[in-house]
Amino acid sequence: MMSAQSLRGVVPRLQRVFGSLLPPHQGAARLSPCCVGPELCIASKVSMSTERNQNDGSKRKVSTAKPERTAHRGNTGSSFSLFTAGAARKRAEFTKGQMGDTLGDDAPAVTKVSKTAIPIKPLSIDEWKKLKAEGYNKTRFEVSMMEKLLSTRADVDVAKSLLVFVTMETGTVEYELLLKYLALCVQKQQLSEVLDLYVILNSRFKVLDVGAYSLFISGFSKTDHWRQAVMFLDSIKKMITPSPRNYGDIIISALWHKEVETAWRLFKEMEGKNLKPNEDTLLAFFDCGKSFCDDQYENKMMYILSYLRDNQIYPGEQLMHSIHSWFESIPGNSWEGHVTTILHSGECQVCNTVLESIQLSEEEYNLLRKHVMNDIIQGTDVFKKTTPQELQHFQTFVQNRLPFDVVIDGLNVANITAKGNQSRILLDVVSHLARQNLRLLVLGRKHMLRGTASWNKGHMAVIQKCADCFFTENISEDDPFLLYATMHSGNHCKFLSRDLMRDHKACLSDKNTRRLFFKWQRGHQLVLSRYNPGHKMKFEIIPKYDTIVQTTNNTWHIPYDEEGVERCSYEIPRKWLCLQRHN
Ligand SMILES: [Zn+2]
C-alpha cells in the first residue's frame, strides 16, 4: 500500500504552483498514471458527485442517436405492447404531438450564460485581479470561477493559474477550492496532479469528506497506486455506504491488474449491501475475462449472469457484445452466439429453444397472492381511500361467487377513447368477452348507475346481465379491488385495465415479490389495443414467455437494451442474445 510518506517526494511539484508563477506542468515521470488499457479510459466515466443515482438501473438513458422506433414487424408481430421498451416514450411523443408540440432531443438546457468571462488560457496574477474586479460576486469569486472551469471542462493549467492567484492574494487555499480543483483534475484525467493533491490534502486536513475520497478513488484507480483506493473506500464506509461508482472504479482497476480476487470480494460486498453494479463494472468482468481461462473464473461469470437474472437487470448493447465475445472466447470454441428475437410462441428464432413460461408456478403464485393481500389490499394507504366496511362487503361478494375468468376495470375501459359514450364502450367490451363464455366481473362506481348522458341505464342493465358487477362508493380506489378479485379467483384469472399498477408494485415489501408481481402482471393483464365503436376490438397479445436472463443446459438467453431505445422501469427489452453450446 502506498502511504502518504511515499508520495512526499512529489509534493514540491504542486507546491511550486502555490509559490511561483505558472510553472509548466511537470509531466508524470515519477508517478506514472498509465497502467490501464485504453478501453478502460473509455469505459470508466468520471463521476463528480459522490452519490450518483443508485436506483437508476431500470431506467436507461441513451443520449446518442435519436431513437428510431419503428415497431418491429415480422414474426414477432406488433411488438409494441404496454411493456415493450420504448412504448412509454412513444406514448409521450404521441401525447406531445397531439398537443401540437414536438419532442426535442434530450439535449441539456442551454447553459446559463455566464456574466463573467471564463478564461481559456492561464492568466497572470494581474489578469486575475482585473477579472475579479470586474466580477459581480467578489466574495466567492474564486470558488464560483473554479466551478465554471469544472463545468466547462477547462484546461487544468487555467485552474492552476487561479490557484496561484489565490495563494498570492490570501496566502492559502481553502479546502473547498482544492476539492473543486481535484474534481477538475479527475475529470481531465490529470492523474499525477491527483496524486499530488492527495499528499497536500492529507497533510493539511485530518479528515477528508466523502466527496474527496470518491474523487481520489476515481483518480487513484487509474494509476499504479490503485490499491490505495481500497483504503479510501474503507474511509467512506466509516461515514456512509459507498456508491456503486466507488466500488466500480476499484473493481475495474483490479480486473485490469488481474487481481480477480479483490474484484470479486468487492463485487460480493456490493451485493451484500444491495448496491447495483454499474454497467461498466459488469462490462469489465467480461472484457477482462478473455485473458483468464480457468473454471473458477468461468463460474464467477455464470454467477454474474444469475445475478442479472435474480435482479432483473438487462445488459445494454455494449455489455451484451462483451458477454457474447467472452462466451466465444471460452477454450474449445463450443459456444456460439447470435442476436435474436423471440416468436410469440416463446421460441427462439435462432436455436428453437422454448423460453421460460410467463406463468407463475403454483408456489410463486401463492407467495405473490399472500403478499398482494397483505401489502396492497390491507395496506394502510388503501384504507384511506376506502372504508373497512366496503372492503369487507366486497370480499364477501367475491368469496360467495365462483372464480372469475376476467376482472374488468369498468371506468378505465370506458375511458379508453373520447369518442362514443362510456357505457356503450363498456357494453361492447363486456359483450365481446361474454360471447367467449368467460365469467366476468365488472368493477365500477355507484355514479355509473345514475343514468346520465355518458352512462345509459339501458346499457348498464345489459352489462349486469352479462357479468357480475360491483359498484363502489365514488371515492374508492378501484385497483385494490381489481387485484383482490383477480388474485382470489386464481392463477387463470386475467384483468382488463390499462393501468400500469406501478404504485401497487412499489407497495410490495421485497424485491422478489415485486419481480413476481411484474411477471404476473405481464402474464395476466389484458389491454385493449384497438377499439372503434361498431368495429372489431383487439387486445394486446399476452406473451407466453418471460423476458429475463435464462439458461438451460446448453443455452443462455439474455434480453438486452438496444442502443437508442429508452426503456422505462416497467418495460421490457425485445432483443435477445442467444448463446448455444455445441457438444
Ligand atoms: Zn436461442
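Everything discussed here concerns the structure shown above.
Worth saying up front: this structure is predicted, and the values here are computed from it rather than measured. (Residues numbered from 1 in each chain as written. Predicted model: local features only at pLDDT ≥ 70, side-chain atom pairs only at ≥ 80, totals over all residues. Heavy atoms only, no water.)

> Describe the sheet that holds strand β9 (residues 550-551), and please don't skip the residues or the numbers.
In spatial order, the strands read β1-β11-β10-β9; together these 4 strands make up an open sheet with antiparallel pairing. Unpaired on one side and paired on the other, β1 (335-340) and β9 mark the two borders of the sheet. As paired strands, strand β10 (residues 555-560) and strand β11 (residues 575-581) are joined by 6 bridges and run antiparallel to one another. Note that in β11 the partner of Trp556 across the bridge is Leu579. (Pairing = 2+ DSSP bridges. Helix = DSSP H or I, 4+ residues; strand = E, 2+ residues; numbered from the N terminus.)

> Just give me the short version of the side chain of His324, but keep the residues and values in it.
For His324, the position within the fold is in helix α16 (residues 317-329). Using a relative accessible area of 17% as the deciding quantity, one classes His324 as buried. Residues contacting His324, with those up to four places away along its chain left out, are Gly337, His338, Leu577 and Leu579. (Buried < 20%, exposed > 50% of the residue type's maximum accessible area, 1.4 Å probe, protein only. Contact = heavy atoms within 4.5 Å.)

> Account for the packing of aromatic side chains, with residues named and values stated.
By the definition in use, this model includes 27 aromatic pairs. Centre to centre, the rings of Trp264 and Phe267 are 5.2 Å apart; their planes meet at 20°, and the pair counts as stacked. Of this pair, Trp264 and Phe267 both sit in helix α13 (residues 260-272), 3 residues apart, roughly one helical turn. Measuring from centroid to centroid gives 4.8 Å for Phe394 and Phe470, while their planes differ by 65°, and the two rings are edge-to-face. Of this pair, Phe394 sits in helix α19 (residues 388-399) while Phe470 sits in strand β4 (residues 468-472), and the two are 76 residues apart along the sequence. Here Phe394 matches Phe470 in class, with each residue buried. Positioned above the aromatic ring of Phe292 is the side chain of Lys258, whose terminal nitrogen or guanidinium carbon lies 5.5 Å from the ring centre. (Phe/Tyr/Trp six-rings, centres within 6.5 Å; stacked < 30°, edge-to-face > 60°. Lys NZ or Arg CZ within 6 Å of the ring centre and 35° of its normal.)

> Before we move on, could you go through the sheet that holds strand β3 (residues 440-445) and cite the residues and values that matter?
Reading across from one edge, β4-β3-β2-β5-β6 is the order of the 5 strands in this open sheet, with parallel pairing throughout. At either margin of the open sheet sits one strand with a lone partner, and together these are β4 and β6 (525-526). Where strand β2 (residues 406-409) lies against β3, 4 bridges are found, and the strand directions are parallel. Looking across to β3, one finds that Val406 is bridged to Leu440.

> Describe the pairing of β10, and please don't skip the residues or the numbers.
Counting buried residues along β10, 6 of its 6 residues qualify, which places the element largely inside the surrounding structure. Side chains Thr555, His557 and Pro559 project from β10 onto one buried face, and the interleaved Trp556, Ile558 and Tyr560 project onto a second face that is buried too. When β9 meets β10, the two strands line up antiparallel, connected through 2 bridges. Of the residues in β10, the one forming a bridge with Gln550 is His557.

> A description of unusual backbone geometry should follow, citing residues and the corresponding values.
Negative phi characterises most residues that are not glycine, and trans characterises most peptide bonds. At Lys258, a residue that is not glycine, the phi angle is positive and equals roughly 60°. One can find Lys258 in the loop between α12 (244-256) and α13. On the basis of relative accessible area, Lys258 is assigned to the exposed category, the value being 52%. Even without a glycine there, the phi angle at Gln312 is positive, about 50°. Mapped onto the secondary structure, Gln312 falls in the loop between α15 (295-310) and α16.

> Run through the coordination of the zinc ion, naming residues and quoting values.
Donor atoms from the polypeptide that coordinate the zinc ion comprise Cys348 (SG), Cys351 (SG), His557 (NE2) and Cys578 (SG), at 2.1 to 2.3 Å from the metal. Along the chain, the residues donating to the zinc ion are arranged with the sequence spacing C-x2-C-x205-H-x20-C. Taken as a pair, His557 in strand β10 and Cys578 in strand β11 lie far apart in primary sequence, 21 residues in all. Using a relative accessible area of 1% as the deciding quantity, one classes His557 as buried. (Donors = N, O, S within 2.8 Å, 3.2 Å for Na, K, Ca; no water.)

> With reference to specific residues and values, describe the environment of Asp409.
Among the secondary structure elements, Asp409 is positioned in strand β2. The buried category is assigned to Asp409, whose relative accessible area is 4%. Asp409 sits 72 residues away from Phe481 along the chain, and the two C-alpha atoms are 9.3 Å apart. Beyond its immediate sequence surroundings of up to four residues, Asp409 is in contact with Leu443, Asp478, Asp479, Leu482, Leu496 and Ser497.

> Could you give an account of the environment of Ile330, naming the residues involved and the relevant values?
Structurally, Ile330 can be placed in the loop between α16 and β1. Between the C-alpha atoms of Ile330 and Ser291, which are 39 residues apart in sequence, the distance is 9.9 Å. In contact with Ile330, other than residues within four places in its own chain, are Glu298 and Trp335.

> Can you tell me about helix α5 (residues 125-134), naming the residues and giving the values?
Within α5 the residues assigned to the buried category are Ile125, Trp128, Leu131 and Lys132. The arc enclosing the buried residues of α5, seen along the axis, measures out at 120°, which places them on a common side. Residues of α5 that are exposed and point over 90 degrees away from its buried face: Asp126, Lys130, Ala133 and Glu134. Contact partners of the buried residues in α5: α6 (141-151) and α7 (156-170). (Arc of directions from axis to C-beta.)

> Describe the state of the cysteines, with residues and values.
Enumeration according to the criterion identifies 0 disulfides in this entry. The structure places no disulfide on Cys466, whose sulfur is separated from the nearest cysteine sulfur, that of Cys469, by 8.9 Å. Residue classification places Cys466 among the partly exposed residues on the basis of a relative accessible area of 29%. (Disulfide = S-S within 2.5 Å.)

> Please set out the nonpolar core residue by residue, giving values where relevant.
If you look at the biggest cluster of nonpolar residues, it comprises 90 residues, and the most contacted ones within it are Phe216 and Phe285. With 10 residues, helix α8 (residues 175-187) is the largest single contributor of residues to this core. If we skip the residues at most four places from it in the chain, Phe285 touches Ile251, Leu255, Ala263, Trp264, Phe267, Tyr297, Met301 and Ile304. With 29 residues, the next largest nonpolar core counts Tyr365, Val398, Val407 and Leu441 among its residues. (Core = buried A, V, L, I, M, F, W, Y, C linked by side-chain atoms within 4.5 Å.)

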